[in-house]
Amino acid sequence: MKSVRYSNKNLLFYFFGGLALMFIIAPVINMFWATEMNLLFATARDQDVRASIMITLSVSLITTLIFAFFAIPLAYLISKTSGWVRNLLMGIISIPIVIPHSAAGIAVLGLVSRNSVLGKMASQIGISFIDSPWGIGAAMAYVSLPFLVISAVNGFSEIPKNLENAALNLGASGWQVFSRISLPLAKTSVFSGLILMFSRGISEFGAVIMLAYFPTITPILIYDRFTSFGLEYARPVAVIFVLICLAVFLLFYLLANKKHRDA
Amino acid sequence: MLELKNVSIKFSGFSLDNISLVVAENEYHMLLGPSGSGKTLLMNIIAGFQKIETGKIYLNGADITHLPPQKREIAYLFQDLALFPHLTVFDNVAFPLKIRHLAKNEVELKVMKYLDFTGTSHLKDRGINKLSGGEKQRVALARMLITESSMLMLDEPFSALDTSLKLDLKKLLKKISGLGVSILHITHNFEEAISLAEKLTVIEHGKIISSTAFKDISTLLANQFTASLSGERNYFIVKDIISTADFHLLMLSASKNSDFSMPVVYSGELPEKPATCVIPGNQILLSSTRLHSSARNHFEALVTTVFRTENGFELELYPIVDAFRNEEMSFWVKITRLSYESLQVRLNQSLWISFKASAPLIF
């Protein structure tokens, strides 16, 4: 009797879980289904679309790589803390996730605008954050950095303490413990974090639009085509961008899994 | 030589109290204590992973109390072995040399030397996760030995091994102790301790109870706690002694407050102030009828508990006094499977206990 009841429960799980899954898949399938092929090819040849995809991918990639140098050491330090200190630091790291992204964009704009201290300092070396790839990068980094930090913290935290202690006991310096033991052991989590940060970066709209409408990143271009020409012209751009995002995500996923298998 | 002087540390609910310990040059020193007695904490203090509040730690005369772990030069075999799972056997053993930037051929020569020593050279290209428990143990020992430290610390190295692997490891540890190193080995197992120890220190609740050279190891039984660690449960209080020309009659009780005393004949030398008596379980004979032998202690007893052990059975028996079962004092007896079967042991069965007048150990 017990197993039958359990099996009924399983059916309910399948039903509700399946609905949630369909909710994610259906809009994407519908978007692909509703797009006319000739319009899709024409959009793929559109120089504005190509330029926007290029700037979106390249800025997000460069931003992810640059900020990795700061995020990974921060994650390592957080993984060594405990109690309220860890909770406080993780809370601070999560701020960009919990606040609206347009508000995040306003916050970053205030920090790097031409009248701000940082903006003035940057302008002296010829860098402007307004309507420039620097601004796009700053906005993308602000909203996507937590994904890398949180994933890396989890990875570093899972390393048994004795492995690091053994390395110290065998004569390794703090840097050698990090570079030869901790980072290689946490590499899958760190790599996943990098993928998440990159993916979050390329899909950002709300924060970027506050700093840089131009050069136009693809999420803004989709919005622009929608408001100017309607759904029919926005959809092909969205389809192409989604396909590229999925391809990049799949590539990184396979790479991460290969690394995991090799490890 | 490793020396700890008055080392103390306090946590909420646990403290290491004024620990002083000396591991002499080339000495195999066992630290014996039950789980939670502070053994591993003491290891972590010596290795530098845990700071102390008071006290000093010296290695070969140099004060290392405040040195960071990587500068202490004390090799440590962790209980979980702490082999690096992302490295091969070769790279694990080569780790201490690679981080010191030794030349490649020198690294290779030394790694192969210690892999050969521990009998693991054929595993050099294997990943750690593809090794058995015994192989991992040997690789971890090779990695520890390659540091060529004069002081080695082993944390419960036998804990995850089966009987045959334990024997192999004992042989390997004997071989290592012949390399001219000092070894501090912690364990909760008395048999493991006495099989390797040249000196045995017993720790309980963060305090050192005793520290004894192997030749005096039987004196450990004087303490009820260390006697219980050794597996000897026939620990009694000597309430009174009646001496005659050729023997002493000991009046033994289970505890100081017990009114019941049992007479036992003892023919050995008495210490100055006899206080406790241990009758080793393997010195007691069981029979279904009274034995006619040189043993001078005979009494009838009821079997109340039977345990299987590695080598046979362990029985708890309550002596029958004036045709009634005494409820205060019991004897634990170790017997072989053969004896168990020939006696056809069952609960509440009446058997005869016999032991020689020389069997009791008096402290």
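Up top is the structure these notes are about.
Here goes a summary of the coordinates provided. (Residues numbered from 1 in each chain as written. Chains lettered and ligands numbered in written order. Predicted model: local features only at pLDDT ≥ 70, side-chain atom pairs only at ≥ 80, totals over all residues. Heavy atoms only, no water.)

Within the secondary structure layout, Thr 63 of chain A lies in helix α3 (residues 47-79). Not counting residues within four places of it along the chain, the set of residues in contact with Thr 63 of chain A comprises Gly 137, Ala 141 and Met 197 of chain A. (Helix = DSSP H or I, 4+ residues; strand = E, 2+ residues; numbered from the N terminus. Contact = heavy atoms within 4.5 Å.)

Residue and element names in this part refer to chain B. The sheet built from six strands is open, its strands ordered β6-β7-β8-β3-β9-β10 with mixed pairing. Edge positions in the sheet fall to β6 (74-77) and β10 (207-213), since each of these pairs with one other strand and no more. Recorded for the sheet is a direction-independent mean angle of 15° between the axes of neighbouring strands. Of the strands in this sheet, β6 and β7 (151-155) touch helix α4 (residues 133-145), which is tilted by about 170° from β6. Of the strands in this sheet, β3 (28-32), β7 and β8 (182-187) touch helix α5 (residues 163-177), which is tilted by about 150° from β8. (Pairing = 2+ DSSP bridges. Axes fitted to C-alpha atoms, helices over the stretch in contact; angles between N-to-C directions.)

Residue and element names in this part refer to chain B. The five strands are arranged β13-β12-β11-β14-β21 in an open sheet whose pairing can be described as antiparallel. The outermost strands of the open sheet, each flanked by one partner alone, are β13 (262-266) and β21 (361-362). For strand β11 (residues 235-243) and strand β14 (residues 276-278), the ladder comprises three bridges, and the chain directions are antiparallel. Pairing of Phe 236 across the sheet is with Cys 277, part of β14.

Opposite the 22 residues of chain B that make contact, chain A presents 17 residues. Between chain B and chain A, the buried area comes to about 1800 Å², and carbon and sulfur atoms account for 66% of it. Three residues, Gln 70, His 86 and Ile 99 of chain B, lead the burial of chain B against chain A; their summed loss comes to 32% of the area buried on that side. Across the contact surface, chain B and chain A share zero salt bridges. Counting across the chain B and chain A interface gives six residue pairs in polar contact (both at pLDDT 80 or more). For the side of chain B that touches chain A, the elements supplying multiple residues, two or more each, are β6 and α2 (89-98) of chain B. Considered class by class, the residues forming the side of chain B that touches chain A number 14 nonpolar, four polar and four charged. (Buried area = accessible area lost by both parts, 1.4 Å probe. Salt bridge = Lys/Arg side-chain N within 4 Å of Asp/Glu carboxyl O. Polar contact = N/O pair within 3.5 Å; in protein donor to acceptor, adjacent residues only side chain to side chain. Nonpolar A, V, L, I, M, F, W, Y, C, P; charged D, E, K, R; others polar.)

All names here are of chain B. Remark: α2 packs on helix α3 (residues 104-117), axes separated minimally by 9 Å, with the N-to-C direction vectors making an angle of 125°. When the interaxial angle is binned, α2 and α3 end up oblique. Viewed along their axes, α2 and α3 form a crossing whose handedness is right-handed. Taking contact as the criterion, the partners of Val 89, Phe 90, Val 93, Ala 94, Leu 97 and Lys 98 in α2 are, on α3, Val 107, Glu 108, Lys 110, Val 111, Met 112 and Leu 115. A class-by-class count of the residues in the contact of α2 with α3 yields nine nonpolar, no polar and three charged. (Parallel < 35°, antiparallel > 145°, perpendicular 65-115°, else oblique. Left-handed = near helix turned anticlockwise from the far one by under 90°.)

Purely spatial values, then, with no claim about function.
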